[in-house]
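One-letter residues, chain by chain:
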Amino acid sequence: MNFDDIVTFHGHACPGLAMGYRASILAIRELTLDHSRDEEVVAVVENKSCAVDAIQMMTGCTFGKGNLIFKDYGKQVYTFMKRPGGEAVRVAVTWSPPQGKKEAVMWKRYMADDRSQNVLEAVKILKAAKRKAILAAKEGELFTFKKMVIPLPAKARIYPSINCSACNEKVMEPKAVIINNSVYCKPCAAQ
Ligand SMILES: [Zn+2]
Ligand SMILES: [Zn+2]
């Protein structure tokens, strides 16, 4: 698996993807991981950015298999765990891109939804430079990491489905909401 394979899956080459790729390489080395055929590796990701696509490809941890766990913390932190021992490595991104004054101005305009041609061009160049810098950086410039042993989350369970009283669609039992003795799915319960 190389970076180009991941770009094919993700759809474009970007800084986030490069970061996820580098974080995965670190984890694979530190935990001596094989590509997860089943569920022997679990990844906990604290954001849902481009980086997570690289992690899925590199480690085989996917939402579908239940060994990719999303925590909505908005942090660039990735924790990889290995069954059965619970050997783990927590990787935190510490890198900040070097940025000149002109770039900073363009980036600010982009973040403020400016989509004019010169801003888009500048951002494209900036992103490409960022991606290259991440791929070439020393690991210590990108991350801090900590090894530990942590209890592993239970293997993905299969739950019975029940029908929502409002939309009649099936909902996994532990996700259903009970209101006045009737069972609802979350979207219906919120209405
Ligand atoms: Zn991306
Ligand atoms: Zn419903």
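Basis of the calculations
Residues numbered from 1 in each chain as written. Chains lettered and ligands numbered in written order. Predicted model: local features only at pLDDT ≥ 70, side-chain atom pairs only at ≥ 80, totals over all residues. Helix = DSSP H or I, 4+ residues; strand = E, 2+ residues; numbered from the N terminus. Rg over C-alpha atoms; globule rule 2.2 N^0.38 Å. Buried ≥ 20, exposed ≤ 12 C-beta atoms within 10 Å, placed from the backbone. Contact = placed C-beta atoms within 7 Å. Domains from an automatic or database assignment. Pairing = 2+ DSSP bridges. Axes fitted to C-alpha atoms, helices over the stretch in contact; angles between N-to-C directions. Parallel < 35°, antiparallel > 145°, perpendicular 65-115°, else oblique. Left-handed = near helix turned anticlockwise from the far one by under 90°. Nonpolar A, V, L, I, M, F, W, Y, C, P; charged D, E, K, R; others polar.

Tallying secondary structure elements over the chain gives seven helices and nine strands in all. In terms of overall size, the chain is more extended than a compact globule, its C-alpha atoms giving a radius of gyration of 20 Å where 191 residues would be expected to give roughly 16 Å. On the principal axes, the C-alpha backbone points of the chain span a range of 60 × 45 × 25 Å. Split into buried and exposed, the 191 residues of the chain put 29% on the buried side. Partitioning the contacts of the chain with sequence separation of at least 6, the portion at a separation of at least 24 is 62%.

Accessible area lost upon the coming together of the parts is a frequently used measure of interface size. One can read the domain layout of the chain as domain 1 (3–95 + 137–149) and domain 2 (158–191). Using only C-alpha atoms to locate each centre, domain 1 and domain 2 end up separated by 33 Å.

As a further point, take the pairing of strand β3 (residues 77–82). It is a general feature of regular strands that their side chains alternate between the two faces of the sheet. The element β3 is largely enclosed, with a buried count of five among its six residues. Note that strand β1 (residues 41–45) and β3 share five bridges and pair antiparallel. Bridge assignment links Val-42 to a residue of β3, and that residue is Met-81. With six bridges connecting them, β3 and strand β4 (residues 87–93) associate as antiparallel partners. Counted as the bridge partner of Thr-79 is Arg-90 from β4. Between β3 and β4, which pair antiparallel one after the other, the connecting turn spans four residues, and Gly-86 there sits at a positive phi close to 80°.

Here Val-183 shows up in strand β9 (residues 182–184). For Val-183, a count of 17 C-beta atoms within 10 Å gives the class partly exposed. Counting along the chain gives 133 residues from Val-183 to Cys-50, while the straight-line C-alpha distance between them is 36 Å. Ignoring any residue separated from it by four or fewer positions in sequence, one finds Val-183 in contact with Ile-162, Cys-164, Ser-165, Ala-176 and Ile-178.

With that settled, the discussion passes to the packing of helix α1 (residues 3–10) against helix α3 (residues 51–59). Put simply, α1 and α3 touch, their axes get as near as 10 Å, and they point 120° apart. Considered as vectors, α1 and α3 are oriented oblique to each other. Here α1 runs over α3; the crossing is right-handed. Taking contact as the criterion, the partners of Asp-5, Ile-6, Phe-9 and His-10 in α1 are, on α3, Asp-53, Ala-54 and Met-57. Looking at the contact of α1 with α3 residue by residue, the class counts come to four nonpolar, one polar and two charged.

The next thing to look at is the sheet that holds strand β2 (residues 68–70). Taken in spatial order, the five strands make up an open sheet running β2-β1-β3-β4-β5, and their pairing is mixed. Of all strands in the sheet, those bounded by a partner on one side alone are β2 and β5 (143–149). Taken over all neighbouring pairs, the strand axes of this sheet differ in orientation by 15° on average, direction set aside. Most of the contacts of helix α2 (residues 15–30) go to β4, to which it runs at about 155°, and overall it touches β3, β4 and β5. Its contacts with the sheet place α3 against β1, β2 and β3, and it is angled at close to 175° to β1.

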